[in-house]
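# Breakdown of the fold
As a plain string of letters, each chain reads:
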Amino acid sequence: MAVIIFKATEKCNANCIYCGVVKKHQDIVMDCELLTSIFHKINVYLLKYPREKVAFTWHGGEVGLLGADYFNTAYDIVHQQCPNTWDRIEHLVQSNMTVLNQDIIDAFKKLGITQIGTSYEYYDGIRGLGKNRDSMAYNRRFFQGVNLAERNGLTWGFIYVVNKKSLQDPLKLFIYLTNLNLRSSPMFNKMYDYDKQEDSLVINQDEYADFLGAILPFWLKHRDRYPSAKPFSLFYNSIVEKRVQMGCEYMGHCTSRWVYIGPDGSTAQCGRAGDFGIMKYPKIQDATLEEIMFHKDRDVIDTRQITLPETECKDCPLWGICHGGCVLDAYMDKREHGHKSPNCAWVQKFIYKYWEPITGIKVEMYNKFTKKA
Amino acid sequence: MKNNRQTLVTRFEEKLIAKLENENIIITTDNFNFINKYYDVVNKQNKLNNITVYYDGALTSIRFLETWKHIPLVLYVNSIGSHRMFFHLMPILRQMNVRIFLSNQTPQNFVDLQIMASLGICSGIYFSTTKMDWNKFADLQTYAIYSKNKHAAVEPFNFILSNYKRESRLDFNTVYYNDPQKFLHLNAEGQIALNADDLKAGKFVLENISLIDSLPDNQDYIKETTKWQQHFLDKTHCAECLAWRICLGKFVETIDDQKSCANTMTELLDGVEHHQQRLQNQQNNQNQQKNRR
Ligand code: SF4
C-alpha cells in the first residue's frame, strides 16, 4: 500500500502550539489542474502495479477549509482519471473537526471516507483558535464536528500530543482522553520540537518515557477496556503477541511506501518530512509517481536498516521493535541519515525502567541476521 | 410494531391512544383502578410495553388483583411496608409480571430490595434524593452482581450488566425512561417531550408523533443527547472518572471528598467487566468442547 499524505492546502483556522504546518503561514490551495494531474499519475502508477493500492490521506492544514465543492470536484476527477483503478484508492482524512458541515461530510462519504483522524488537547492554550489560542471556542466547535460526524455514521480516532503540561498527572489525562471516545482510544505521541520557539512545552526523551511508564501498569491491568490505546497496545502486540506493528517511525520500511504532496506539488518522504522541509523529492509536476516513490534518494532508508544493526544498534535486543527509529528524527538530530533516532533513548528507558520490571517479560527482539536471540 | 422507534411514555388518554398505531407504549399512572382497561385499550392497535404506577405509599398497601397476572407492571413505591404483610403478598406477587422499584431514601430499602430479589421478585432502586448511602448501595451492587445464590434482577445493575459494551457509553437512565434515544414522553395532546422533567415543565420538541422523523435534526434533541460533552468542556470530576462510561455523571450532586460515587461505580464497572469475561470464557470453553467432539 502506497501512502500519500496529500495537502491540498496548508491553511488552517486553528493555531496550535505544536503544529509545524501552521508556522509556515502558507495560503496556497492546489488548483484543479494539478489535482487532475496527480490522479492521472496515480492511475498510471496503479495500472503498472495491478496489485498495489493507494491510501490517499487528505491532510492539511485544515482540510475542511477546502469546502465541499473541492471534495466533490476531486470525486469527479478521480472517476475521470482513474476509471479502472479508483477502487484501489482508499480516501482517508485528517481534520481538526472545527469547520466541518453537512456538505463536507456528504462529500467525504461520497469519497468512501468512514473515519476521521483528529487531535484533541486537554490543557488550555495549546490547541486553539486565533491569536490567543482560544481553547474553549476550539473545543466547542470540535464537539459540533464530532456530533455531525457521528450523526452521519462516521467514526473518529485521535492523537494526543504529549507535552510538558501532560506530565502533571498522566493517569488522570489518560482516563479523561479515553473517556472522551470509548470506541477508539488515543495515540499518545511525543511533542516534536519544530523550531524551538515554544520549547517550554517540549518534553525530552526521559519525560516521555516516564509519562508512558506512569500509565503502563494501569493500562496492563485494564488492557481489555482500552485495547487501542497507543503506543501501549503496539508494544504489547509486538512483544507479547509477536505481531510487530509499531507506527511507521519504528518499522524501518517506509522507503518506497510514503510520499507527501504539498499544495504547490512539492513532494517529500512523508508528511513530517514535508513539514520539516527535508527529504524532498522532485515536484509532482516534474516526475511520475513511480519516479518519486522509487527515487534513489530514498535508498538511504534501506541502507540504514542494513548498517545500523552492525553499528549503533549492534546487539540491541530492542531492534525488532524500533529498527533504529525514524530516519527523519535521525537526520534532524545529526544532519545525516545513517544514525539511529534520538527516540532510541525513550524506547530504551520505557522498556528497561517500566516494561520489563512491571511485566516481567524480557524483550529479546534482536536483529536476526546479526545476533541470534 | 415500529422497529427502531422510541417507546412512547404517556398517561392514559383514550383519544390519544386511538390516534396511535403500532407503537410500543408505556402507560404511567398513579391509580390502580383502571389497570385492566389500560391493558385492553392500548393493546387494540398498539403494544403495551408496561403500565408504570407511581404510588406514594408502601407496597403492602396495594391490593393486588388476580386479573393483573398477565399485565406487565412496574411499580414505584416508597417502601415495601411491613415485612409480615409483605410475606403474605408473596404468593400473588410471584404470579405477577411485576418489577418493583424502591427509592434510595432509606437504608432499609436497600436491604428490602435484596430480600425481594432473593425471593425472585424483579426489583430496582430509583433515586429520589441526592443523599446517597453509598455503603448500602455498594452492598446491593455486590449482591446484584456477585451473589451466587439464585436471585431476580435488580435494576439498574441488571441493565448495566446486560448492556455494557466497552466501546460505548451506557446510560442507565434508560431504566427510568429518561433516554430520548429510547423513550419519548407524550402529553394528552400528543406533544412530545424528551424526558419526564421536560414533560412536567411543558417543554416540548415536537407537536405530534407524525413529525418524529425530524427528531434527529431537532436542536433540542441534539443538545440533550450530546449534553454529556459539557463534562469534557468543563473538565469535571466525571470526565476524569473511571466509571464515566457507565455513569455519565448521574451522581454529580453527591460527589464528596472520598469520591464515594466514583469508588462505588468503579467497583461496579470492574464487576461488570469481570462478569462479561467469565461469560466469554464459558462460551469459549463450550466452543472448544464442541469442536473437539
Ligand atoms: S461516579 Fe461520580 S464522579 Fe464518576 S461519573 Fe458518576 S457522578 Fe461523576
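One structure accompanies this document, and this report is about it. (Residues numbered from 1 in each chain as written. Chains lettered and ligands numbered in written order. Predicted model: local features only at pLDDT ≥ 70, side-chain atom pairs only at ≥ 80, totals over all residues. Heavy atoms only, no water.)

Let's shift gears to the pattern of salt bridges. What the rule picks out here adds up to 22 salt bridges over all chains. With its nearest N and O atoms 3.0 Å apart, the salt bridge here joins K235 of chain B to D124 of chain A. With K235 of chain B in the loop between α9 (229-234) and α10 (244-247) and D124 of chain A in the loop between β4 (115-119) and α4 (135-151), this residue pair bridges two chains. Judged by its relative accessible area of 22%, K235 of chain B is partly exposed. By relative accessible area, which is 48% here, D124 of chain A ends up partly exposed. For R243 of chain A, the salt bridge identified is with E241 of chain A, shortest N-O distance 2.5 Å. Owing to a relative accessible area of 38%, E241 of chain A belongs among the partly exposed residues under this scheme. (Salt bridge = Lys/Arg side-chain N within 4 Å of Asp/Glu carboxyl O. Helix = DSSP H or I, 4+ residues; strand = E, 2+ residues; numbered from the N terminus. Buried < 20%, exposed > 50% of the residue type's maximum accessible area, 1.4 Å probe, protein only.)

Let us look at the interface of chain B and chain A. Contact residues are listed per partner, giving 27 residues for chain B and 25 residues for chain A. Summed over both partners, the interface of chain B with chain A buries about 2,200 Å², with 53% contributed by carbon and sulfur atoms. By the criterion of area lost to chain A, the three top residues of chain B are L233, K235 and E240 of chain B, representing 27% of everything that side buries. Taken together, the links from chain B to chain A amount to three salt bridges. Two residues, R225 of chain A and E273 of chain B, come together in a salt bridge whose shortest N-O distance is 2.8 Å. One can count ten residue pairs in polar contact (both at pLDDT 80 or more) joining chain B with chain A. Among the elements that make up the side of chain B that touches chain A, the one with the highest residue count is α9 of chain B (five residues). Tallied by class, residues from the side of chain B that touches chain A come to twelve nonpolar, five polar and ten charged. (Contact = heavy atoms within 4.5 Å. Buried area = accessible area lost by both parts, 1.4 Å probe. Polar contact = N/O pair within 3.5 Å; in protein donor to acceptor, adjacent residues only side chain to side chain. Nonpolar A, V, L, I, M, F, W, Y, C, P; charged D, E, K, R; others polar.)

Residues and elements named next belong to chain B. Strand order in the open sheet formed by nine strands is β7-β6-β5-β4-β3-β2-β1-β8-β9, and the pairing between neighbours is mixed. Since the sheet does not close on itself, it has two edges, and those belong to β7 (154-155) and β9 (192-193), each with one partner. Taken together, the two bridges between strand β6 (residues 122-126) and β7 define a ladder with parallel strand orientation. Looking at β7, one finds that G124 is bridged to E155. Lying over the sheet, helix α4 (residues 107-118) contacts β5 (98-103), β6 and β7, oriented at roughly 165 degrees with respect to β5. (Pairing = 2+ DSSP bridges. Axes fitted to C-alpha atoms, helices over the stretch in contact; angles between N-to-C directions.)

As a further point, take the site of the ligand. Residue and element names in this part refer to chain B. Taken together, the neighbourhood of the ligand is formed by C238, C241, C247, G249, F251, V252, I255, C261, A262 and M265. It is helix α11 (residues 260-292) that contributes the most residues to the shell around the ligand, three residues altogether. Across the shell around the ligand, the residue classes break down as nine nonpolar, one polar and no charged. (Near = heavy atom within 4 Å.)

Time to look at the packing of helix α5 (residues 134-146) of chain B against α11 of chain B. Residues and elements named next belong to chain B. Across the interface, α5 lies against α11 with an axial gap of 10 Å and an inter-helix angle of 0 degrees. Taken together, the axes of α5 and α11 are roughly parallel relative to one another. Contact residues: W134, F137, A138, Q141, I145 and Y146 in α5; S260, C261, T264, M265, E267, L268, D270, G271, V272 and H274 in α11. Partitioning the contact of α5 with α11 into residue classes produces nine nonpolar, five polar and two charged. (Parallel < 35°, antiparallel > 145°, perpendicular 65-115°, else oblique.)

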